Amino acid sequence: MRTYILFTPGPLTTSETVKQTMLQDWCTWDDDYNLEIVQNVRSELVRLATDCPGDYTSVLLQGSGTYSVEGALTCSVPDSGKLLILSNGAYGNRMAEIARYGKICHHIISFPETSPVCPDTVDRFLSRHNEITHVSFVHCETTTGILNPLDELCRVINKHGKTLIVDAISSFGGIPFDAGLLNIDFLIGSSNKCIQGVPGFGYVIARRDAMETCRGNARSLSLDIYAQWETMEKKCGKWRFTSPTHVVRAFRQALKELHEEGGIMARHTRYEANHRLLTEGMTHLGYKPLLPAGRRSPIIASFLYPDPPFCFESFYSELKQKGFIIYPGKISQADTFRIGTIGDINVRDIKALIDAIGSIRT
Ligand SMILES: *Cc1c(COP(=O)(O)O)cnc(C)c1O
């Protein structure tokens, strides 16, 4: 059935069994859907996020991951608050764009796209800026594949007593961490990344007390995560507006398959093996990774264009003809392309991709 394999950071390659669950229609009103599927997905997400699930809750929201980032930012920061955004790529910058649209009082600290967000800089800034109430950043910046220092950043932000918002959309399910231990207030994910579902909704896993503070803050009706959460809580999994039933059902199956694989740790090991083989194979073929070894995530890798003449468009279409889809680059400072190592793919698929790339004359 597969026409080609996606080596992309979402949508990504999903299993046949995840796809098959979408062949049945579901009623948004019926208990079979809300009680059995939605409530189950919500509690499973909380369990995946932390070993102390009692303090946490979750809400699902229609749309791609950005909608949930926008929901979390525009509902958590009140008019009287001030948000600090830490950015080293396109998704951090998108948070600033969301803040501008939502007229959220904010400040952005920008780091180079190839450098991690620096905890010391954040520490110094927060010491001088008491007016900041909330801090947000991206865990794995998919722009380059760089991994930001989650533990250190959370520690600094907690030390200053700020509400902590983490975009873990490209890492949640693929990189182990405990949101409770890190005291993350709002953790954002989406259906089509490391849980290996299909696109259609995002989710916010939040400390229950932090979620309670969102009441009345929303700047938009459909992105009001508090109202959505309240409805899901009071009406046992009901969504306010039409929910993406097939997508949620597929996600439920994807969660089951994550569990069968051995959980987040086992998935992380598979992604690491994919990433290692990819980087070794590409380096062997003469391609140079954009980032130094210590900064790379097992999610997606960026490679510099080789010496000219290299045409990305023809490279891409030759690979597509052979059944492999890769991803263009997204940074401004260098010409790059990206290869994702997440999804229902393993080292055999990576090996086949490397062989295909080796057979192309650039
Ligand atoms: C995919 C992704 C998002 C969401 O992007 P969409 O285009 O809305 O799916 C947000 N942040 C990060 C880090 C991502 O990788």
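Residues numbered from 1 in each chain as written. Predicted model: local features only at pLDDT ≥ 70, side-chain atom pairs only at ≥ 80, totals over all residues. Heavy atoms only, no water.

### Thoughts on the site of the ligand
In plain terms, the rule: We define proximity as follows: a residue is near a molecule or strand when any one of its heavy atoms falls within 4 Å of that partner. Under this definition, polar contacts are N or O atom pairs within 3.5 Å; protein pairs additionally need one hydrogen-donor-capable and one acceptor-capable atom, and for neighbouring residues in sequence, both atoms have to be side-chain atoms. Here the Shrake-Rupley method, with its probe set to 1.4 Å, supplies the accessible areas, and only the displayed protein chains count as covering residues. Within this scheme a cavity is a closed region of a 1 Å grid, computed over the protein atoms alone, that accommodates a 1.4 Å probe without allowing it to escape, whereas a pocket is open but has protein on both sides within 12 Å along at least five of seven lines; lining residues each have an atom within 4 Å of a point. Each molecule is assigned to a cavity or pocket provided more than half of its atoms lie within 2 Å of the corresponding grid points. Going along the chain from the N terminus, every DSSP run of H or I of four or more residues is numbered as a helix, and every run of E of two or more is numbered as a strand. Under the scheme applied here, ten amino acids are nonpolar (Ala, Val, Leu, Ile, Met, Phe, Trp, Tyr, Cys and Pro), four are charged (Asp, Glu, Lys and Arg), and all others, including Gly, are polar.
Every residue lining the ligand is accounted for by Ser64, Gly65, Thr66, Tyr91, Arg94, Val138, Cys140, Thr142, Asp167, Ile169, Ser170 and Lys193. Side-chain polar atom of Lys193 to an oxygen atom of the ligand: 2.8 Å apart, as the coordinates give it. In the complex, 87% of the free accessible area of the ligand, which totals 380 Å², lies under the protein chains. Mapping the ligand onto the cavity grids shows that it belongs to the largest pocket. Breaking the shell around the ligand down by element, the ones donating at least two residues are helix 3 (65–76) and helix 4 (90–101). In terms of residue class, the shell around the ligand is built from four nonpolar, five polar and three charged.

### Quick word on the packing of aromatic side chains
Two aromatic rings are characterised by how far apart their centres lie and by the angle between their planes. Convention followed: Side-chain rings of Phe, Tyr and Trp, where Trp is taken by its six-membered ring, are said to pair if the distance between their centres is within 6.5 Å; with planes under 30 degrees apart they count as stacked, over 60 as edge-to-face, and otherwise as tilted. For each residue, the accessible area found with a 1.4 Å probe, counting protein chains only, is set against the maximum for its type, and the residue is called buried under 20%, exposed over 50%, and partly exposed in between. Placement of a positive charge over a ring is assigned whenever Lys NZ or Arg CZ falls within 6 Å of the ring centre and within 35 degrees of the normal to the ring plane.
The final tally for this structure, using the stated rule, is 18 aromatic pairs. Measuring from ring centre to ring centre gives 5.2 Å for Phe315 and Phe337, while their planes differ by 55 degrees; the resulting arrangement is tilted. With Phe315 in helix 11 (residues 312–321) and Phe337 in strand 14 (residues 336–340), this residue pair connects regions lying 22 residues apart in the sequence. The two residues Phe315 and Phe337 agree in class, both being buried. Joined through ring pairs, the aromatic side chains of Tyr287, Phe303, Tyr305, Phe310, Phe312, Phe315, Tyr316 and Phe337 make up one cluster. It is Lys193 that lies over the ring of Tyr91; its NZ or CZ is 5.8 Å from the centre.

### Thoughts on the layout of surface pockets
Here is the rule: Grid points are joined across faces, edges and corners, and a volume is the space filled by probe spheres set on the points. In this entry, domain limits derive from an automatic or database-based domain assignment.
Put simply, the largest pocket is a space of about 290 Å³. Breaking the lining of the largest pocket down by element, the ones donating at least two residues are helix 3 and helix 4. With four residues, the top contributor of residues to the lining of the largest pocket is helix 4. Residues belonging to the lining of the largest pocket are distributed by class as follows: ten nonpolar, eight polar and five charged. Here the lining of the largest pocket spans two domains, and each of domain 1 (5–10 + 263–358) and domain 2 (16–260) adds at least three residues to it. The volume enclosed by the second largest pocket comes to roughly 160 Å³. A per-class count over the lining of the second largest pocket returns six nonpolar, five polar and two charged.

### Quick notes on the sheet that holds strand 10 (residues 201–207)
Put simply, the rule reads: For two strands to be treated as a pair, DSSP must find at least two bridges joining them. To get an axis, fit a line to the C-alpha atoms, keeping to the stretch in contact for a helix; angles then go from 0 to 180 degrees between the N-to-C directions. Contacts are assigned to residue pairs that have any heavy atoms within 4.5 Å of one another.
In spatial order, the strands read 2-10-9-8-5-3-4; together these seven strands make up an open sheet with mixed pairing. Both outer strands of the open sheet, strand 2 (56–62) and strand 4 (106–110), are each paired with one neighbouring strand and no more. Shown here is a sheet whose adjacent strand axes are inclined to one another by a mean of 20 degrees, direction ignored. As judged from the five bridges shared by strand 9 (residues 186–190) and strand 10, these two strands associate in the antiparallel manner. Counterpart to Phe186 in the pairing with strand 10 is Ala206. Sitting on the sheet, helix 2 (residues 31–49) is in contact with strand 2, strand 9 and strand 10, with an inclination near 125 degrees to strand 2. Contacts from helix 4 reach strand 3 (83–87), strand 4, strand 5 (134–138) and strand 8 (163–167), with the element oriented near 155 degrees to strand 3.

### Some points on the sheet that holds strand 11 (residues 300–304)
The antiparallel open sheet is built from three strands, whose spatial order is 11-14-13. Of all the strands in the sheet, the pair left with one neighbour each is strand 11 and strand 13 (327–328). Where strand 11 and strand 14 come together, five bridges link them in antiparallel fashion. Across the sheet, residue Ser302 finds its bridge partner in strand 14, namely Arg338.

### Section: the domain arrangement of the protein
Worth spelling out the cut-off: Accessible-area loss on putting two parts together, using a 1.4 Å probe and summing over both, is the definition of buried area adopted here. Counted as salt bridges are all cases of a side-chain nitrogen of Lys or Arg within 4 Å of a carboxyl oxygen of Asp or Glu.
Assigned domains of the protein: these are domain 1 (5–10 + 263–358) and domain 2 (16–260). A straight line from the C-alpha centre of domain 1 to that of domain 2 covers 26 Å. If you look at the interface, domain 1 gives 27 residues, while domain 2 gives 29 residues. Together, the buried faces of domain 1 and domain 2 total about 2300 Å²; carbon and sulfur atoms form 58% of this surface. At the junction of domain 1 and domain 2, the tally comes to zero salt bridges. At the junction of domain 1 and domain 2, the tally comes to 13 residue pairs in polar contact (both at pLDDT 80 or more). Going through the elements one at a time, helix 10 (263–284) and strand 11 are the ones with two or more residues in the side of domain 1 that touches domain 2.

### Side note on the packing of helix 2 against helix 9 (residues 245–261)
How we decide: Orientation categories follow fixed angle ranges, with anything under 35 degrees roughly parallel, anything over 145 roughly antiparallel, 65 to 115 roughly perpendicular, and all other angles oblique. A clockwise turn of the near helix away from the far one marks a right-handed crossing, whereas an anticlockwise turn of less than a right angle marks a left-handed crossing.
Where helix 2 meets helix 9, the closest approach of the two axes is 10 Å, and the angle between their N-to-C directions is 45 degrees. In this view, helix 2 runs oblique relative to helix 9, as classed from their interaxial angle. Between helix 2 and helix 9 the crossing geometry is left-handed. Residues Tyr33, Ile37, Val38, Asn40, Val41, Glu44, Leu45 and Leu48 of helix 2 pack against Thr245, Val248, Arg249, Phe251, Arg252, Leu255 and Leu258 of helix 9. Split by residue class, the contact of helix 2 with helix 9 holds ten nonpolar, two polar and three charged.

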